[in-house]
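# Secondary and tertiary structure notes
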Amino acid sequence: MKKKFDKKVSSISRRDFVGGTLIGSGVALLSALAPRWATAKGGANLPPEFPQSIAAPLNTLDASWTGPGGVGSYAKANGNTHDVVNAAHTFRNRDFDTQLANAEATGEHFDLVIVGAGFAGISAAYTYLKSKPEARILILENHAMFGGEARQNEFEVDGYRLWGPQGSNGAVWPLDGAKKIGMYSDLWAELDLPTELEWQEASNSDLKIPKDIYSPMHLTWEETDLGWFHDETGMAVNPWSNRFRDVPLDDKTKNDLIWMELYRQPQEREDWAQWLDSMTYKEFMKNEMGIDNEFIDEYLNPFAAAMGCGLGTDVISAYQAFNFIQPGVNQYGRQFGIGDPTDYVYLASFPGGNTGILRHLVHRIIPNVFGDAESLTEIISNPVNFAALDGAAQAVKMRLSSLVVNVHHEGPAESAEKVQITYLNDEKMHQVTADRVVMAGQQHLNKRVVTDLPEAYRAAMDEFKHSPMLTVNVALRNWKFMDNMGVASVRWFGDNMGGWFTSLRKQMVLDGEEPMPLDPEKPTVLTLYNSFCTPGLPLHEQTVAARMQLFSLSYADVENEIRSQFTKMFGPGGFDADRDIAGITLNRQGHAYLVTPPGFFFGKDGNPPPSDVIRKPHGRIAFAHSELMGYQMWEGAAHEGDRAAKQMLQI
Ligand SMILES: Cc1cc2nc3c(=O)[nH]c(=O)nc-3n(C[C@H](O)[C@H](O)[C@H](O)COP(=O)(O)OP(=O)(O)OC[C@H]3O[C@@H](n4cnc5c(N)ncnc54)[C@H](O)[C@@H]3O)c2cc1C
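Residues numbered from 1 in each chain as written. Predicted model: local features only at pLDDT ≥ 70, side-chain atom pairs only at ≥ 80, totals over all residues. Heavy atoms only, no water.

Each assigned domain of the chain is listed here: domain 1 (103–145 + 384–463 + 600–649) and domain 2 (172–197 + 248–347). Taking only C-alpha atoms, the centre of domain 1 and the centre of domain 2 are 32 Å apart. Contact residues are listed per partner, giving 13 residues for domain 1 and 15 residues for domain 2. Taken together, both faces of the contact between domain 1 and domain 2 bury some 1,200 Å²; the carbon and sulfur share is 67%. Of all residues in domain 1, Phe 602, Tyr 631 and Trp 634 bury the most surface against domain 2, accounting for 42% of the area lost on that side. One can count 1 salt bridge joining domain 1 with domain 2. Salt-bridge contacts for Lys 130 lead to Glu 190; the nearest nitrogen and oxygen are separated by 3.0 Å. At the junction of domain 1 with domain 2, the criterion picks out 5 residue pairs in polar contact (both at pLDDT 80 or more). The set of elements that each furnish at least two residues to the side of domain 1 that touches domain 2 consists of helix H6 (119–131) and helix H24 (634–649). When its residues are assigned to classes, the side of domain 1 that touches domain 2 shows 8 nonpolar, 3 polar and 2 charged. (Domains from an automatic or database assignment. Contact = heavy atoms within 4.5 Å. Buried area = accessible area lost by both parts, 1.4 Å probe. Salt bridge = Lys/Arg side-chain N within 4 Å of Asp/Glu carboxyl O. Polar contact = N/O pair within 3.5 Å; in protein donor to acceptor, adjacent residues only side chain to side chain. Helix = DSSP H or I, 4+ residues; strand = E, 2+ residues; numbered from the N terminus. Nonpolar A, V, L, I, M, F, W, Y, C, P; charged D, E, K, R; others polar.)

In this structure, Ser 205 sits in the loop between helix H8 (187–190) and strand E8 (226–230). On the basis of relative accessible area, Ser 205 is assigned to the buried category, the value being 12%. Looking at Ser 205, its side chain comes within polar contact range of the side chain of Asp 483, at 2.7 Å. Ignoring sequence-local partners within four residues, the contact set of Ser 205 consists of Trp 479, Asp 483 and Pro 520. (Buried < 20%, exposed > 50% of the residue type's maximum accessible area, 1.4 Å probe, protein only.)

A few words on the nonpolar core. The biggest cluster of nonpolar side chains holds 161 residues, and the ones touching the most others in it are Phe 146 and Trp 228. Top contributing element to this core by residue count: helix H12 (residues 294–309), with 10 residues. Residue contributions to this core reach at least three from each of two domains, namely domain 1 (103–145 + 384–463 + 600–649) and domain 2 (172–197 + 248–347). If we skip the residues at most four places from it in the chain, Phe 146 touches Tyr 74, Ala 117, Arg 151, Leu 358, Val 362, Val 369, Phe 370, Val 384, Leu 389, Met 398 and Leu 400. Listed in part, the 40 residues of the second largest apolar core include Leu 61, Leu 470, Leu 504 and Leu 586. (Core = buried A, V, L, I, M, F, W, Y, C linked by side-chain atoms within 4.5 Å.)

Let us look at the site of the ligand. Near the ligand, the surroundings consist of 38 residues, among which Asn 142, Ser 168, Gly 170, His 625 and Ser 626 are the closest. Within the backbone of Ser 626, a nitrogen or oxygen atom sits 2.7 Å from an oxygen atom of the ligand. Compared with its free state, where it exposes 1,000 Å², the ligand has 98% of that area covered by protein. Every element with two or more residues in the shell around the ligand is listed here: H6, strand E13 (403–409), helix H17 (443–449), strand E20 (581–595) and H24. With 3 residues, the single largest contributor to the shell around the ligand is E20. In terms of residue class, the shell around the ligand is built from 18 nonpolar, 18 polar and 2 charged. (Near = heavy atom within 4 Å. Areas by Shrake-Rupley, 256 points an atom, 1.4 Å probe, with all protein chains shown as cover.)

Moving on, we get to the packing of helix H9 (residues 251–262) against H12. Relative to each other, H9 and H12 sit at 50°, their axes nearing to 9 Å. As the angle between them shows, H9 and H12 are arranged oblique. In the crossing of H9 with H12, the sense of the turn from one axis to the other is right-handed. Along the contact surface, H9 presents Thr 253, Asp 256, Leu 257 and Met 260, while H12 presents Phe 295, Ile 296, Tyr 299 and Leu 300. The residue makeup of the contact of H9 with H12, split by class, is 6 nonpolar, 1 polar and 1 charged. (Axes fitted to C-alpha atoms, helices over the stretch in contact; angles between N-to-C directions. Parallel < 35°, antiparallel > 145°, perpendicular 65-115°, else oblique. Left-handed = near helix turned anticlockwise from the far one by under 90°.)

Taken as a whole, this structure holds 37 aromatic pairs when the rule is applied. Here the aromatic rings of Trp 228 and Phe 295 are separated by 6.5 Å at their centres, their planes lie at 50°, and the arrangement is tilted. Separated by 67 residues along the polypeptide, Trp 228 in strand E8 and Phe 295 in helix H12 bring together distant segments of the chain. In terms of burial, Trp 228 and Phe 295 fall into one category: buried. Arranged with centres 5.4 Å apart and planes meeting at 65°, the rings of Tyr 319 and Phe 602 form a pair that is edge-to-face. A residue pair is termed long-range when its members are at least 10 positions apart, and Tyr 319 in helix H13 (residues 318–323) and Phe 602 in the loop between E20 and helix H23 (610–614) qualify at 283 residues. Tyr 319 gets classed as buried once you look at its relative accessible area, which sits at 14%. Classification of Phe 602 as partly exposed rests on a relative accessible area of 36%. A network of ring pairs unites the aromatic residues Trp 259, Tyr 263, Trp 272, Trp 275, Phe 284, Tyr 319, Phe 322, Tyr 332, Phe 464, Phe 600, Phe 601 and Phe 602 as a single cluster. (Phe/Tyr/Trp six-rings, centres within 6.5 Å; stacked < 30°, edge-to-face > 60°.)

Right, let's get into the side chain of His 360. Summarising the element assignment, His 360 is placed in helix H15 (residues 355–365). Judged by relative accessible area, which is 5%, His 360 ranks as buried. Leaving out residues up to four positions away in the same chain, His 360 has contacts with Leu 191, Leu 193, Leu 376, Ile 379 and Ile 380.

As C-alpha cells, then:
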C-alpha cells in the first residue's frame, strides 16, 4: 500500500483552483475530464433539468484515482469509488437512456423496495419489518458496501487491526445529554448498544488525548493537548493557554479569537430561530459579535464545514451554525434552557465510527450477515458475509453495486397499484416491481430517478445543494513524533490541500478489550476531514467548485500532500514519512453534506421549507434521508427512515 514519496510533486494550494479549474499540478487529470458539454450539450447553456451539474462528463475515472481501500470487507468501498462516480455521471449525462429502454424484468415483485443502504434506508427496513416481519423487501445500493456515509476503513499494521471512519464518526454522548439536545434515537436502546462506556488510557504517554476526533476541533470543547501549526513558526503547543504567544497573528486577531469564545449574550428574542435563519453565519459574526476578520473566517470555515455545515461562514445560515454548535451562535442554547452543549456532551465513536451502530441495524434485518456474530465486538468487526445478502429464499435482500436509475408508478400515482424500479448492476439494466418504495438517497439523485414526480417536489429537491468531503485515514506505525512534540491534536493553517486538523483518540473498551492500542510505540490511525470552501462565490458555484476540486485530486496528489504536510509538521518530532506511514486511504463523497443557506429551515417568500414538501409521500413512494432534517446526523437519518416506513405501512 505504501508508495514511495515523490519529492518532485509540489504542494497543491487552494489558490491553484480558480473558479473550479485546477491550474498547474493535476492538469493532466482534469483534461481527461474535458468539458464534453461544450461540444455535445451546448456549452455554457446547461440544460435546465441539470441545475447542479458539473460541466464535464466525469465518467472516465480509474482505480488509480480511487487508490487503495485498505483491507477487509470495506476495501472496495472507500468513499465514492471511481466505478460509482463513473456510473452516476453516465446516468446524469443521460448516456444510459438506450440501455434503460431495454431493461430486463427479473420477474420479482416486492412488498417494499428501498433505494439506498445508509442509516435512513436500513432504518426504514427495520421499522417496516417490526410491523410486517414476513415482508419481502429489496434494498438497492450503488456502492459495493452498505452504510452510505457510515462506512469504515480497515488496516492491518504490524500485526494490529486498525479502523477509521469513512465519514460518520460519533454519537452524541452521554445519552441524557443527547436527549436534552434532541439528538437521541430510541434505536440505541432497541439495538442493545451500551449505556455506559469505558475508555482506554494511553500507555507510555502523558498526553491529554480526547475520546473523539470532532470534539477537539472546537477550542473549548474536549480537553486535549492541541498544537497549532503555521509554516512560518512551526508548532505552537496549547496556544490558548498563553494567549497565542507563539503564533504569527496580530493582536486584533488574537483578541477576536478570545472574544469569539467569550461571547455570551446574544440578543434575546422570541423568534431567535427564524431570525438566525434569516442571515448567514458571517453576517451574525459581523453584526452581532462585532467580528469581521479574514483570519477568523479562515479559522472557522473548515471547522464549520467538517462539523456538518458543508461550507463556510459566508453561505451557511446562522441557524445551521447553531445546529452544529459553532462559536457565538451556540449561546442561543442558553435562551431555551439547554445551555452550551459543548459543556456537557461530546461524540462517542466506535473504532470505525458510526459504522458500528449501522452494523447493529443490518444485523437485525439480515440474519448471518456477520456470520454467527453475537457480541458487540463481533457485530462491529466480523467480516461481512456477502453471500447472506441476496439468497434466493430470503425475504429481505440487499443488492450492492446497484444504481437505481428509474422509478415510476405503473399508471397515475394516485391510483397505481405498483411501482416499477430499474437498476444497473454488472453493466446490465434490471427491472423489478414493488407495492411501495422508499427513496433513501439524496435529492440530487431522487429528482432524476423518480420520473413521475410532480413539479412541486422537483422544485423542493432543487433547493438541496450539497458540498463534498474528503475523509482521509492515515495508518501510522507509531506516533512517537506526536508524543515527542507534546501534541495529541493538531490544527494547521495555510493553503495546503492536505487537510486542516487531525487528532489521536481514545478507543472505547469493547467487551472488556481495547480494540486498538494507544501507545506511542504502536500503530494507530489519524483521520482528516477535508472540506473545500471557496469563500466569496455564491453558494451554488461554491458547491460546484468544491466538487471539481474533489474530483480533480488524484490519489497520488493527496498522498504526496499529506506526506509533505506531516513531514513539515512532525519532522521536528522525528517523523519520517517512509518509515512511519503504513497506509493512506481516501474516502471522497461528492455530495456529503447538505448546505443550508438562510431561509432553508423556515421557508422564505411565504413558501414552505423544501423538506415539508418532500416528506409527503408521492403516491406509493416516500422519501427518507438525513438531509430532510436540514442537518445530517445518524439519528436524524434513522428518524427519517422510520417516518417513511410508517407512511408506507399506511398504504
Ligand atoms: C464526513 C461526514 C462525517 C459525519 N460525521 C457524523 C458524526 O460524527 N455523527 C453523526 O451523527 N453524523 C455524522 N455524519 C452525518 C451522518 O452520518 C449522515 O447524515 C448519515 O449517515 C446519512 O445517512 P442517510 O441514510 O441519510 O444517507 P446516506 O448515508 O447518504 O445513504 C444513502 C445511500 O443511498 C445511496 N443511493 C442514493 N441514490 C441511490 C440510487 N439511485 N441507487 C442506489 N443507491 C443510491 C447512496 O450512495 C448512499 O449509500 C457525517 C457525515 C459525513 C459525510
